[in-house]
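What the coordinates show
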Protein chains: 2
Amino acid sequence: MLTGLSAFPLTPFQNEGIDEHAFVRLVHNLAEAEVDSIGVLGSTGSYMYLNRAERRRVIQLAFEHAGNIPIIAGIGALRTRDVLQAAEDAQTAGASGVLLAPVSYQPLTEDEVFDLYKQVSGELSIPLCVYDNPSTTKFTFTDELHGRISSLPNVSSIKIPGLPGNAAEAQDRVQKLRALIPEDVTIGISGDRFAALGLNAGCDGWYSVLGGLFPRTAMHIVRSAQEGRSQEASRLSEELEPIWTLFDRFGSLRPTATIALRRGWISGEGLPRPLKPLSPAELGDAAALIDRLD
Amino acid sequence: MLTGLSAFPLTPFQNEGIDEHAFVRLVHNLAEAEVDSIGVLGSTGSYMYLNRAERRRVIQLAFEHAGNIPIIAGIGALRTRDVLQAAEDAQTAGASGVLLAPVSYQPLTEDEVFDLYKQVSGELSIPLCVYDNPSTTKFTFTDELHGRISSLPNVSSIKIPGLPGNAAEAQDRVQKLRALIPEDVTIGISGDRFAALGLNAGCDGWYSVLGGLFPRTAMHIVRSAQEGRSQEASRLSEELEPIWTLFDRFGSLRPTATIALRRGWISGEGLPRPLKPLSPAELGDAAALIDRLD
């Protein structure tokens, strides 16, 4: 299940609450594009900004409207107690898998991170994807730790951040990690700029922000890479450079909400306050590309 | 009110919940030492790990057991909605002031931070202290922004992080900031290593982790500085070097819980999981000092 395109939709906000209608429209769009899975409550899904009831509701809505496409749900929280509750809620609400980052206020030690994954994976009955995102968690996984965690029960995938720039180095990086983890644990690339590079280098899937907005464009990249047309995958990714530049400058959440607002898929403030979308000036040259994608 | 020693107690955990008896004992100790204020739900009070009901309970307990010593309560949260709720809860539960850091999952922009303080300060009826802590918030205040925010209604103090190393530079830093903020807004030093330096350089108070554990020791430093005995304040601070070294290496929360466990003031796991106290080896040479303080 944790292979191919996992598309991560926004959780749209209006009047300080979740805009359920807009969220369902985003999910329908992903289901129609036949993505391989839908990842709700990722960073793009603003999971850390939602309370328990809101998180449960997002998973339920996705499950009800995604047809037979599996739902993966983010369950990260600062406190182990809350992670365990979120894991239970995700299973009850229909998720087929969960995504867990070692989020922190006080950055965690390696020992604390291992014990967190051990405790959570031991209580799960669905697959878990390790969410390696040093920029938001302030925690850097060693490959050795990835090896130990991915050997725990139910751990089925690792969502890795960017990769070194050229194809040979990227391939080397993926192979090194793969040598340390069980055979049935998949590696998914994130950091959309690196998607084509990562897929061409042997990653099994793409945990994709872009795919939550433009699933057809993202599917095109994934299928090209999967079918061995690596140059086409790279070319398609290069065409999206104005969007990658926005993500580099502003992170991916604010640009994603801004794009969805511009395309009319969501309305209102879009993001949970205090976060704000970009200004038209910040969007800049990317606007023309955004208006014609998918 | 936001001057002198503001002592920040731990929120002790046992069996995944708040150990209320241990917390009340910590508050009694601060009240007996006649600190100038008690700062609950700071970073040392694990505020980000607590849900709404737990935060309210901590403030109520402090208010009930602190005699006439004012309570300052941390109200930081990722979402403006939750900050506003926490502010309301703090006022209802008896807090005399609130402490707000621009905490983030997605680091905030200057514009977002200003609007957050504007919205919150506009709805308060008690003083607000701006909590400037770049290491946990990933946000760096400019002095110009401090000037704008401290001119908002109800903003009464700024809790600043460390200072440059020598007395003249520290004094210069405090004077520069003071020139940009209203006269009645106080400046409090945090980063305990810098307390004596900051107080000697003209800070009005110390937002103190050490004071939550060893209020008599911390009061001795504050009163020495306030009464012009700057060398004595510096000497007292230097004696605590083994503790400052622990804070440098491990942050202040884990050492604080470890010290409270060692002195028998709290029991159980001490911290909210996944956080763990230090090992005896990590405590190292500081143990002898810890055992005889206060």
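This write-up is about the structure you can find in this document. Given the structure is predicted, the values throughout are model-derived calculations rather than measurements. (Residues numbered from 1 in each chain as written. Chains lettered and ligands numbered in written order. Predicted model: local features only at pLDDT ≥ 70, side-chain atom pairs only at ≥ 80, totals over all residues. Heavy atoms only, no water.)

**Examining the relation of the copies chain B and chain A**
The pair of chain copies shares a relation made of a rotation about an axis and a shift along it. Of the transformation placing chain B onto chain A, the axial shift is 0.0 Å and the rotation is 180°, giving an RMSD of 0.0 Å. What the rotation and shift describe, once combined, is the action of a two-fold rotation axis. (Least-squares fit on C-alpha atoms with pLDDT ≥ 70 in both.)

**Section: the environment of A201 of chain B**
Residue and element names in this part refer to chain B. As for its placement among the helices and strands, A201 is situated in the loop between helix 8 (195-200) and strand 10 (205-208). With relative accessibility at 7%, the residue A201 sits in the buried group. On a C-alpha basis, the gap between A201 and R173 in space is 8.6 Å, while along the polypeptide they are 28 residues apart. Not counting the four nearest positions on each side in its chain, A201 is found in contact with A170, Q171 and V174. (Helix = DSSP H or I, 4+ residues; strand = E, 2+ residues; numbered from the N terminus. Buried < 20%, exposed > 50% of the residue type's maximum accessible area, 1.4 Å probe, protein only. Contact = heavy atoms within 4.5 Å.)

**Considering the packing of aromatic side chains**
Residue and element names in this part refer to chain A. Using the criterion set out here, one finds 12 aromatic pairs over all chains in the structure. Centroid distance W244 to F247: 6.1 Å. Interplanar angle 50°. Geometry classified as tilted. Pair noted here: W244 and F247 are both in helix 12 (residues 241-250), with a separation of three residues, about one helical turn. Take W244: its relative accessible area is 2%, and that puts it in the buried class. Given the relative accessible area of 11%, F247 is considered buried. (Phe/Tyr/Trp six-rings, centres within 6.5 Å; stacked < 30°, edge-to-face > 60°.)

**A look at the interface of chain B and chain A**
By a frequent convention, interface size equals the accessible area lost on bringing the separate parts together. Taken together, the contact pairs 37 residues of chain B with 37 residues of chain A. The contact between chain B and chain A buries some 3,200 Å² in all, and 48% of this surface belongs to carbon and sulfur atoms. Among the residues chain B hides against chain A, the three largest losses belong to Y49, R79 and Y105 of chain B. Together they make up 25% of the total. Counting the contacts that link chain B with chain A gives 10 salt bridges. A salt bridge links E54 of chain B to R79 of chain A, with the shortest nitrogen-to-oxygen separation between them at 3.0 Å. On inspection of chain B and its partner chain A, the count reaches 26 residue pairs in polar contact (both at pLDDT 80 or more). In terms of residues, the side of chain B that touches chain A owes the most to one element, helix 4 (residues 110-123) of chain B, which gives five residues. The residue makeup of the side of chain B that touches chain A, split by class, is 16 nonpolar, nine polar and 12 charged. (Buried area = accessible area lost by both parts, 1.4 Å probe. Salt bridge = Lys/Arg side-chain N within 4 Å of Asp/Glu carboxyl O. Polar contact = N/O pair within 3.5 Å; in protein donor to acceptor, adjacent residues only side chain to side chain. Nonpolar A, V, L, I, M, F, W, Y, C, P; charged D, E, K, R; others polar.)

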